[in-house]
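# Analysis of the macromolecular model
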Amino acid sequence: MSRWLNMNNERMDNDRECADRAVRNLMGLHVLGRLGPADSARVERHLLRCSSCKRDDVDLRRVTSALDLLSAEDVAEMLAARTGGAPESSGSYPQDAGRPNV
Ligand SMILES: [Zn+2]
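Residues numbered from 1 in each chain as written. Predicted model: local features only at pLDDT ≥ 70, side-chain atom pairs only at ≥ 80, totals over all residues.

## Thoughts on the overall build of the protein
Within the protein one finds 5 helices and 0 strands. Counting helices and strands in the order they occur from the N terminus, the protein gives α-α-α-α-α. Residues counted as buried form 5% of the 102 residues belonging to the protein. Taking all contacts inside the protein whose residues are at least 6 apart in sequence as the whole, residues at least 24 apart take part in 51%. (Helix = DSSP H or I, 4+ residues; strand = E, 2+ residues; numbered from the N terminus. Buried ≥ 20, exposed ≤ 12 C-beta atoms within 10 Å, placed from the backbone. Contact = placed C-beta atoms within 7 Å.)

## Re the environment of Asp39
Inspection of the secondary structure assignment puts Asp39 in helix α3 (residues 37–49). Separated by 12 residues in the primary sequence, Asp39 and Met27 place their C-alpha atoms 9.9 Å from one another.

## Some words on the environment of Leu35
Relative to the helices and strands, Leu35 resides in the loop between α2 (21–31) and α3. Using a count of 18 C-beta atoms within 10 Å as the deciding quantity, one classes Leu35 as partly exposed.

## Quick notes on the packing of α2 against α3
For any two helices packed against each other, one specifies the inter-axial angle together with the distance between the axes. At a minimum axis distance of 10 Å, the contact between α2 and α3 shows a crossing angle of 110 degrees. Classified by the interaxial angle, the pair formed by α2 and α3 is roughly perpendicular. The crossing of α2 and α3 is left-handed. Residue-level inspection shows Val23, Leu26, Met27 and His30 of α2 in contact with α3, the latter providing Asp39, Ser40, Arg42, Val43 and His46. Of the residues belonging to the contact of α2 with α3, the class tally is 4 nonpolar, 3 polar and 2 charged. (Axes fitted to C-alpha atoms, helices over the stretch in contact; angles between N-to-C directions. Parallel < 35°, antiparallel > 145°, perpendicular 65-115°, else oblique. Left-handed = near helix turned anticlockwise from the far one by under 90°. Nonpolar A, V, L, I, M, F, W, Y, C, P; charged D, E, K, R; others polar.)

## Side note on the confidence of the model for the protein
Averaged over all residues, the pLDDT of the protein equals 79, while 66% of them reach at least 70. For the protein, the element scoring lowest by mean pLDDT is helix α1 (residues 2–17), at 51; α3 scores highest, at 97. This model gives residues 7–15 a pLDDT under 50, and the stretch forms 3 contacts once residues within four places in sequence are excluded. (pLDDT = per-residue confidence, 0-100.)

## Points about the packing of α2 against helix α4 (residues 51–68)
Two numbers describe how α2 lies on α4: the axes approach to 10 Å, and their chain directions differ by 30 degrees. When the axes of α2 and α4 are compared, the pair comes out roughly parallel. At the point where α2 passes α4, the crossing takes the right-handed sense. Contacts from Val23, Arg24, Met27, Gly28 and Val31 of α2 reach α4 at Cys53, Asp56, Asp57, Leu60, Arg61 and Thr64. Split by residue class, the contact of α2 with α4 holds 5 nonpolar, 2 polar and 4 charged.

Take a look at the structure:
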């Protein structure tokens, strides 16, 4: 238990180390390959010295590569499963907020 807490504290300390908001804001686009050469180089340089951002970069790449494997039908199925197969009955989406309850 204490080992887990220590690992967790360590992770939080690492997260706190990175104060480069500008680079962190570019991370998503970097992973998607949507940055220009200058911004991309800036992020790459940052990743070489920032373990917190490097870890996030690895996580983001895992998620996006997993999402690439999904078809539009897969996504629709997952959304339907998440809402219990009855999207009409769910009021949890913002676009449903103004819908009258009839
Ligand atoms: Zn960083």
